[in-house]
Amino acid sequence: MRPGRAKKLWNWLAVYAFLYMVFLYAPVILLPLFAFNESTIIAFPLSGFTTEWFTVLVNNDALAQSVENSLFVAITTALVSTLLGACAARAAARYRFPGQKGVIGFIMLPLVLPEIIVAVALLVVLMQLGFSLSLWTVIAGHILICMPYSIAILSSAFQGLDRNLEEASFDLGETNWGTFKRVIFPLVLPGVISSLLITFTISLDEFIIAFFLTGTDATLPVYIWSQLRFPSKLPSIMALGTILLVLSIILLILAEWFRQRSAKRQGVEVAAGGFI
Amino acid sequence: MILNREARQGLTLISPTLVYALLLLAAPLLTVVTFSFWTQDYLDIDTTITLNNYREAWTQPIYRTLIFRSLWVSLVVTLVTVILAFPIAYYLSFHVTRRKALWLFLITIPFWTSYLLRVFLWKVILGYNGVLNSALTGLGIIDEPLTFLLYNVNAVVITLAHAWAPFAILPIFVALEKIDRSLLEAAEDLGDGAVRRFFRVTLPLAMPGVIASTLIVLIPTVGDFVTPRLVGGTDGLMISNMIQIQFGKANNAPLGAALAVSSMVIVSSISLVIFLVGKKFGGRVQ
């Protein structure tokens, strides 16, 4: 290819990449615009600046309750799925055992399974066993779909571990537990934090499973879903969405920072691809 | 079977995770399949094995229409998403040299914002008085707002193509990154033009990534019910909306289970075909 033509192609691709980013960010950019917009109708033209919709949120008991529920669900989910994910990721990275690929593949299955299938399957079992739906049933479902993400993040952390360090620690007289506590854990800690943040974020935003498996306690997305029907509630939902947007961006930047730190600490080149 | 020490340690370590997945995924999935052969008898479940639910699911026009529409929508969404994603992955892999991680980060950010609100905001963009229509009328491109944008299958396709974009980009990007650049030089040295080189070297080598993105987008989109419900109108409803109704208002969980199992079986078979065709296509050229 002549250099001139090649350059032209890259220019076109750059324009395309720009337009694609506009497409990706179109809904995200609208969120703060309408959150600070004076009009109660979610449409252009914008009418004026107001922070009223944010103040409306403060005195909303149902919202406060759903935030509390969601935090409880997301924190529990993050802790348990990271713990279970760490077991699997360590087993996959450090040991060889029969059926390994199949076992890991099976645990990663929820990544491609439609969420409605996971939700319906759990619902049927809970109905049959006579369990009543509660936040705990939502947590059970969330752990299932968060484990694969946790394993994906922690696998790279555990794979980057130098086995010589472990052996050196044994040679120096450390026990299994001591080696874990003093050598392995500090090295994978950034990966663990990254996993906690990502699974927390996923659980906080998950709707379909929460919608099927929650009893009378609504999580935040279930609450948002119930409010989308009322046009008068929409501006304050936009304000709520803006707060959530800012929070998740902060969490993600933190997660990415910890992930890169984990890679650096192990002397591995920072792999692109981040969260997935 | 006698396992060596390493295998035993590995299995012990993974057992909590595996047991969790067996209890909360394998057992429930098996229960759903069993359930689909039972019948709802007002408030009780009749556990006599019967194929009635499947007969109903496969013969009633409404269920058939919904299943076929879901498959059709998912296939279109997958095609659109993957075709739109490929140039981005290509651009990132072959042209962006610095700050690749930042680009990938920027691509994933919209995906981490509230799913419900993203779908809802597409409604705002595509609506009769929406962003797109007011922009186009404001610019004088159209006189009347376009009505084919919202409350139909188009809206579902646009919204889902947006929601699944990062899932399509990342696998293709990873596959492109793995391509040994000297192969491309070799093709050029041997006289291949840019187009020929792309179709004979780059694309076949990127095929595993393309197949992975196709499957990652195709399978979950069949099960989405938020998007059809919010932007699909009545003509855009999909099978998941019906599954949800059966488990909720209609109170016929066994029929809902049969619908869920049916759509999963169909989409898995389609995925398998895509996987095998892709493997063959990628394999033959190598």
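Residues numbered from 1 in each chain as written. Chains lettered and ligands numbered in written order. Predicted model: local features only at pLDDT ≥ 70, side-chain atom pairs only at ≥ 80, totals over all residues. Heavy atoms only, no water.

Colleague: I tried to follow the overall build of chain A on my own but got confused; where do I start?
Modeller: Counting its secondary structure elements, chain A contains eleven helices and zero strands. Walking chain A from its N terminus toward its C terminus, one meets helices and strands in the order α-α-α-α-α-α-α-α-α-α-α. Summarising its shape, the C-alpha atoms of chain A cover approximately 70 × 70 × 30 Å along the three principal directions. In chain A, which comprises 276 residues, the proportion classed as buried is 54%. Put simply, of all contacts in chain A between residues at least 6 apart along the chain, 72% involve residues at least 24 apart. Of the accessible surface of chain A, which amounts to about 12900 Å², a share of 67% is contributed by carbon and sulfur atoms. In chain A, 17 positive and 15 negative side-chain charges are present, and the distance between their average locations comes to 14 Å. (Helix = DSSP H or I, 4+ residues; strand = E, 2+ residues; numbered from the N terminus. Buried < 20%, exposed > 50% of the residue type's maximum accessible area, 1.4 Å probe, protein only. Contact = heavy atoms within 4.5 Å. Areas by Shrake-Rupley, 256 points an atom, 1.4 Å probe, with all protein chains shown as cover. Lys, Arg positive; Asp, Glu negative; His and termini not counted. Charge placed at Lys NZ, Arg CZ, Asp CG, Glu CD.)

Colleague: It is not clear to me how helix α7 (residues 163–171) of chain A should be interpreted in this structure. Could you clarify?
Modeller: Because an α-helix completes one turn every 3.6 residues, residues spaced three or four positions apart along the sequence face the same direction. Put simply, D162 of chain A is the residue that caps the front of α7 of chain A, since its side-chain oxygen is 3.0 Å from the backbone nitrogen of N164 of chain A. Residue G173 of chain A follows α7 of chain A closely and has a positive phi angle near 95°. (Polar contact = N/O pair within 3.5 Å; in protein donor to acceptor, adjacent residues only side chain to side chain.)

Colleague: What's the story with the layout of surface pockets in this structure? I'm lost.
Modeller: Vacant regions in the atomic arrangement are exposed by a probe of water-molecule size rolled over the atoms. One number sums up the size of the second largest pocket: a volume of about 650 Å³. As for the second largest pocket, its lining consists of 26 residues, of which R90, F158, F180 and I184 of chain A together with L13 of chain B are closest to the centre. For the lining of the second largest pocket, the secondary structure elements donating two or more residues are α3 (61–94), α7 and α8 (176–205) of chain A together with α1 (5–35) of chain B. Here the lining of the second largest pocket gets nine residues from one element, more than from any other, and that element is α8 of chain A. When its residues are assigned to classes, the lining of the second largest pocket shows 15 nonpolar, four polar and seven charged. (1 Å grid on protein atoms, 1.4 Å probe; cavity = no way out; pocket = protein on both sides within 12 Å on 5 of 7 lines; lining within 4 Å. Points joined across faces, edges and corners; volume = space filled by probe spheres on them. Nonpolar A, V, L, I, M, F, W, Y, C, P; charged D, E, K, R; others polar.)

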